[in-house]
Each structure stands twice: as C-alpha cells, then as structure tokens.
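The residues making up each chain are set out below.
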Amino acid sequence: MMAVKMKLVLPLLVVLLVSTDAKFPNLGQLFGKSPSKGMDVHSIAEKIISKLPFKLPVSLRKSEAESPGLDIAPSAKKLSPKFCASYDCPNFYEMKLNVTDYKLRCYPKSYSWVSTTVEGKNSRDAGQTAFWRLFRYIQGNNEEEMKIKMTVPVTMEIQPNSAESEESFCRKNFTMSFFIPFKHQKNAPSPSADNVHLTVVKPFCAYVKVYGGYSNIRKVKANYNALVKSLKRDGIVDDFRTDAIYSAGYDSPMKFFYRHNEVWLVSKKHSPALSVNKGEALEVDTL
C-alpha cells in the first residue's frame, strides 16, 4: 500500500516543482557563509519526467518565458546600491583602492538630514530615544503633519574616548540622523519637537568598513579599531578625523540575514567641505 502511495505522490511532487519553476538555495547562502550554486530542482524534475511511463499535460509544464524563476537580472534603472534596497539613500562614489578590508567613499553633494542629540545615556538607551524622536518626525510630528518615507542609512555620530571598555569607549553624547528623501530635499517640513532639527551635510569623503549582523557599541568599537589598524598599515595616519566616529545602519530590525552596517572615519585630505577651524567632523548647517 505504501509503495502505491509513493508512486502517486512522486509524480505530483514533480509536477509541483516544475509548475513553480522552483530552486532551492544553498544553506550556506541562507546563513551568510560562502556562496555556492543552488540546486536546480527544475532541471532535476525534467529528467525525472522524461523517465515517467506517461506524459504530463502541457498545461502543467510552464515554459521559461512564462516562468523565468529566480535568475532575473535586476533592473538597469536601479541606481542605488544593493544594500540600500528600495529605500532612498544619498548618492556616492567610491575611489579605487588596492585593498579589500575598507573603502574610500565620497558623497559629492550637499544633502538634508533630520537629526537629534541625546546626552547622558548609554549607547543603547540613547539610540532608542533618538530613533523614536526621528521616527515621530517622519510619521507626521512636523509643521505640515506630513508623513515621510523611511530612508537609509540611519547614522549615529559617536564621540570616542581613549578608554578601553565598550561603554567608556565613547562619551555619552550621541547624534542620530535620518536622510531626507530626495523628493523632500528642498522643502522638508520643519520638526515640531524642539529637540529635533534639520541639517545640511556638505560634501565629504570617508573611510568605510562594512560589517554584518545586528550592530551595537561593542561591534562599532571593534570595527573602528580594525579600520584604524588597516589605515595605519597602509601609511594613512593623519588623513582621518579622530574626534568623531559615524556608524551607519541600513536594515530593518526584521531583516535577520545579510545585514549591512558600516563605520565611517571622515577623511581630511579627500573632504573639500571639511571645516577644521570649527572642529566639526562634518561641516553641518542647522536649518
């Protein structure tokens, strides 16, 4: 009886696989390990079908034109990098370097951001407080009661100390910023809250180190130290600011895999808009 059931189930399973044109991803890809080609179930199913003692109805077998599967090339019109996904993010270019553990990225235009500063709290509590202030702004807590789409990255300016522990690694002074969407860059509504303000960040370049997972102050410190070590290895000692570190996050908390985070160290040599006299890591005008 079991053998009869299997004879009936197997063809149905094959039909399902072919009609959906499925592909199974490699488990290593799913969990962020070294990528390899997935198992092409469609091809395997076609081979099994060719051995069956009967023919499947044509209506159950989709052509490639009808079912292109998962290998469709991304739209050529998509200009933002992959890690920005469908969100607006500021345009940039990256300079060619003979290294693989960091990048030199330049933002050649001035952009508007909305920012808030939290003092006297640890990094976790400050991050939560700052995020909800800015989130309320884009949800309509502004002079026009306008809802504004979420963007990336969410940046945090961190002021480092010379201490070694994670929390004493930086001062309890954090400034979080959301990028203003392109459609509102010239006319973003003013915040209703006194502790939220619009700023214009002028063109700058930064050394960037990328890391995955869910970010926290421990990971920021580790990647900051690794970036500084790499820069010194390459003879870059005096070309980055040491009074401010920027962390940048690009993902929703509900994204569990392939998360993208960055640490930025602003370049002196490659940042024409940098105002050294003001002692600011980025030249920022408050609106």
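Refer to the structure presented above.
Nothing here was measured: the structure is a model prediction, and the numbers come from that model. (Residues numbered from 1 in each chain as written. Predicted model: local features only at pLDDT ≥ 70, side-chain atom pairs only at ≥ 80, totals over all residues. Heavy atoms only, no water.)

> Teacher, can you tell me more about the nonpolar core here?
Proteins that are soluble and globular tend to have nonpolar side chains buried together. Ranked by size, the top nonpolar core spans 37 residues in total, and within it Val114, Tyr137, Ile158, Tyr207, Leu231 and Leu265 carry the most contacts. Those elements that provide at least two residues to this core are strand E2 (103-107), strand E3 (111-119), helix H4 (123-138), strand E4 (154-160), strand E5 (170-179), strand E7 (204-211), helix H5 (217-233) and strand E9 (261-266). Beyond its immediate sequence surroundings of up to four residues, valine 114 is in contact with Leu134, Tyr137, Met176, Ser177, Phe178, Ile180, Pro191, Val196, His197 and Leu198. Counting residues in each nonpolar core, the second largest holds 18 residues, with Tyr111, Val208, Ala244 and Tyr250 among its members. (Core = buried A, V, L, I, M, F, W, Y, C linked by side-chain atoms within 4.5 Å. Buried < 20%, exposed > 50% of the residue type's maximum accessible area, 1.4 Å probe, protein only. Helix = DSSP H or I, 4+ residues; strand = E, 2+ residues; numbered from the N terminus. Contact = heavy atoms within 4.5 Å.)

> Just to check I follow, could you spell out the pairing of E9 for this structure?
Along a regular strand, successive side chains alternate from one face of the sheet to the other. Burial analysis of E9 places six of its six residues in the buried class, the great majority of the element. Here E9 shows two buried faces, one formed by Asn261, Val263 and Leu265 and the other by Glu262, Trp264 and Val266. Pairing between E7 and E9: six bridges, direction antiparallel. Each residue of the ladder has a partner; that of tyrosine 207, found in E9, is leucine 265. In the sheet, strand E8 (residues 245-249) pairs with E9 via four bridges, with the strands oriented antiparallel. Its bridge partner being in E9, tyrosine 246 is matched across the sheet by tryptophan 264. (Pairing = 2+ DSSP bridges.)

> Whenever I open this one, the pairing of E7 confuses me. Can you help?
Within E7, seven of the eight residues are buried, leaving the element largely enclosed by the surrounding structure. In the sheet, E2 pairs with E7 via five bridges, with the strands oriented antiparallel. Bridge pairing in E7 links leucine 104 to tyrosine 207.

> What is the right way to look at the layout of surface pockets in this model?
Unfilled space is identified by rolling a water-sized probe across the atoms. Taken as a whole, the largest pocket holds about 1,100 Å³ of empty space. Taken together, 30 residues line the largest pocket, and the ones lying closest to its centre are Gly127, Phe131, Val154, Met176 and Ser215. Among the secondary structure elements, those contributing two or more residues to the lining of the largest pocket are H4, E4, E5, H5 and E8. At five residues, H4 tops the list of elements feeding residues into the lining of the largest pocket. (1 Å grid on protein atoms, 1.4 Å probe; cavity = no way out; pocket = protein on both sides within 12 Å on 5 of 7 lines; lining within 4 Å. Points joined across faces, edges and corners; volume = space filled by probe spheres on them.)

> Hey, could you run me through a nonpolar patch on the surface in this one?
On the surface, a cluster of nonpolar side chains totalling about 580 Å² of accessible area is made up of Tyr214, Met254, Phe256, Phe257 and Tyr258. Following the sequence through the fold, tyrosine 258 ends up in the loop between E8 and E9. (Patch = residues over 30% accessible without salt bridge, like charges linked within 9 Å, V, L, I, M, F, W, Y side chains within 5 Å. Areas by Shrake-Rupley, 256 points an atom, 1.4 Å probe, with all protein chains shown as cover. Salt bridge = Lys/Arg side-chain N within 4 Å of Asp/Glu carboxyl O.)

Function cannot be read off these values alone, since they describe shape.
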